[in-house]
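Given next are the chains, with one letter for each unit.
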Amino acid sequence: MDSTAAAAAQAPVLLVTNDDGIDAPGLRFLVDQLVAARRYRVLVCAPDTDNSGVSHCITWRPALRCKRVDISGATAFGVSGTPADCASLGISGKLFDGVVPDLVLSGINIGNNCGYHVIYSGTVAGAREAFLYGIPAIAMSYDWVAGQSSVNELKVSAEVCMPLINTIVTEIKNGTYPKGSFLNVDVPTDAAHHKGYKITKQGTYMARISWEQTVYKKPAVESYQTANMDVDGEKDSELVTPAENDLLFKRVIVGRSSDGVEGEDMDHNSLADGYITVTPLGALSRTEPDAIPYFKACVSRL
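This is a predicted model, so every value here is computed, not measured.

The rules we used
- Residues numbered from 1 in each chain as written.
- Predicted model: local features only at pLDDT ≥ 70, side-chain atom pairs only at ≥ 80, totals over all residues.
- Heavy atoms only, no water.
- Salt bridge = Lys/Arg side-chain N within 4 Å of Asp/Glu carboxyl O.
- Helix = DSSP H or I, 4+ residues; strand = E, 2+ residues; numbered from the N terminus.
- Buried < 20%, exposed > 50% of the residue type's maximum accessible area, 1.4 Å probe, protein only.
- Contact = heavy atoms within 4.5 Å.
- Axes fitted to C-alpha atoms, helices over the stretch in contact; angles between N-to-C directions.
- Parallel < 35°, antiparallel > 145°, perpendicular 65-115°, else oblique.
- Left-handed = near helix turned anticlockwise from the far one by under 90°.
- Nonpolar A, V, L, I, M, F, W, Y, C, P; charged D, E, K, R; others polar.
- Expected span 1.5 Å × (residues − 1).
- Arc of directions from axis to C-beta.
- Phe/Tyr/Trp six-rings, centres within 6.5 Å; stacked < 30°, edge-to-face > 60°.
- Lys NZ or Arg CZ within 6 Å of the ring centre and 35° of its normal.

Chemist: How would you summarise the pattern of salt bridges if you had to cite specific residues and measurements?
Modeler: Across all of its chains, the model carries 5 salt bridges by this definition. One salt bridge connects Asp-273 with Lys-195, and the closest N-O pair in it is separated by 3.3 Å. Of the two residues, Asp-273 is situated in the loop between helix 7 (267-272) and strand 11 (276-281) and Lys-195 in the loop between strand 7 (182-187) and strand 8 (197-199); the sequence distance between them amounts to 78 residues. For the salt bridge of Asp-265 with Lys-201, the shortest nitrogen-to-oxygen distance reads 3.5 Å. Here Lys-201 lies in the loop between strand 8 and strand 9 (207-214) and Asp-265 lies in the loop between strand 10 (248-256) and helix 7, a separation of 64 residues in the sequence. Classification of Asp-265 as partly exposed rests on a relative accessible area of 31%.

As structure tokens, then:
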């Protein structure tokens, strides 16, 4: 084995997935940065279509279809599954000839994943799935604002995440990286002028969803995170006449909750203040300690 091949064999292996789909610019910019670093072996296993907001959904019965995708410097597959499926398959050793990644990166997502959004997020689920199987993982998102953000901000987001990725890989190789959590990273809207990294806690921020009746088959509406990048209103949607007794409804955002009362160390507050937030997450959702005595008392009366 020559020196180049030997160095490649020793390089840390990074697996990239996402929920926006394998053609999404956030993923492509991230892969470009990883390849340009010339220190990693880069694998990609991502959904072949947009899977935003699917949470930790998995495909159980049908077989997954995997198709090679040409991404310079990486070995890549588009998969007919969810982000959790892709992470699971990518770390299994079955898709990449026995290779298991040292670190899984999920993103870079279009739209923040702060607060309660982590429940809905396919991006976070991709990282969580790897964590459940003992593989260190980072979910990464950019706080896209409609009418203000541009695709170039996703490129900048990938650039500003690289120091953190490099540090985490070093910690993993040194055996000093903790195994009890995975990381959820959000990059502020003005990515180029961020205030630095800040360790934060998950807050309760979220977009509040309601429903409106519609006559459009595929209404172009805001997602639970952010406005759709490419579509303005419903002008490009197909006007249809529902069958008798059928009703069509679309999701609409009716407001956004605030972390204002929760303190400056919460994820969305810090993101809005211009920091790159780094929020350690676990797999379990735990209730507030003061709720336990209340429910014990309720059950004791049954």
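Here the narrative resumes.
Chemist: Quick rundown of unusual backbone geometry? Include the residues and the values.
Modeler: Each neighbour pair has its own omega, and for Gly-107 with Ile-108 the value is 5°, a cis peptide bond. Structurally, Ile-108 can be placed in strand 5 (residues 103-110). Positive phi values are uncommon outside glycine, yet Arg-38 reaches one of about 60°.

Chemist: Break down the side chain of Ser-270 for me, citing the residues and quoting the values.
Modeler: Among the secondary structure elements, Ser-270 is positioned in helix 7. Note on Ser-270: relative accessible area 1%, which makes it buried. For Ser-270, the contacting residues outside a window of four places in its chain are Lys-198, Thr-200, Glu-264, Asp-265, Tyr-275 and Thr-277.

Chemist: How would you explain the packing of helix 3 (residues 83-91) against helix 5 (residues 122-132) if you had to name every residue and give the values?
Modeler: Where helix 3 meets helix 5, the axes come as close as 7 Å, and the angle between the chain directions of the two elements is 30°. Relative to helix 5, the element helix 3 is oriented roughly parallel. The handedness of the crossing between helix 3 and helix 5 comes out as right-handed. Along its contact with helix 3, which presents Pro-83, Ala-84, Ala-87, Ser-88 and Ile-91, the element helix 5 presents Gly-122, Gly-126, Glu-129 and Ala-130. Tallied by class, residues from the contact of helix 3 with helix 5 come to 5 nonpolar, 3 polar and 1 charged.

Chemist: Just give me the short version of helix 2 (residues 25-36), but keep the residues and values in it.
Modeler: Residue pairs three or four apart in sequence face the same way in an α-helix, which turns once every 3.6 residues. Compared with an ideal rise of 1.5 Å per residue, which puts 12 residues at 16 Å, helix 2 spans 16 Å between its outermost C-alpha atoms and is within 8% of the ideal. Among all positions of helix 2, only Gly-26, Leu-27, Leu-30, Val-31 and Leu-34 are buried. The buried side chains of helix 2 occupy one side of the element, clustering within an arc of 130° when seen end-on. Two residues or fewer past helix 2, Arg-38 is found with a positive phi of approximately 60°.

Chemist: Break down the environment of Ala-272 for me, citing the residues and quoting the values.
Modeler: Assignment of secondary structure puts Ala-272 in helix 7. Residue classification places Ala-272 among the exposed positions, given a relative accessible area of 61%. Sequence separation between Ala-272 and Thr-189 is 83 residues, and the spatial gap between their C-alpha atoms is 8.1 Å.

Chemist: Report on the packing of aromatic side chains, specifying residues and quantitative values.
Modeler: Enumeration over the complete set of coordinates arrives at 4 aromatic pairs. Between Tyr-142 and Trp-144 the ring centres are 6.3 Å apart and the planes differ by 90°, which places this aromatic pair in the edge-to-face class. According to the relative accessible area criterion, Tyr-142 is buried, its value standing at 0%. The aromatic ring of Tyr-275 is capped on one face by Lys-198, whose charged end is 4.9 Å from the ring centroid.

Distances and angles like these do not, on their own, reveal function.
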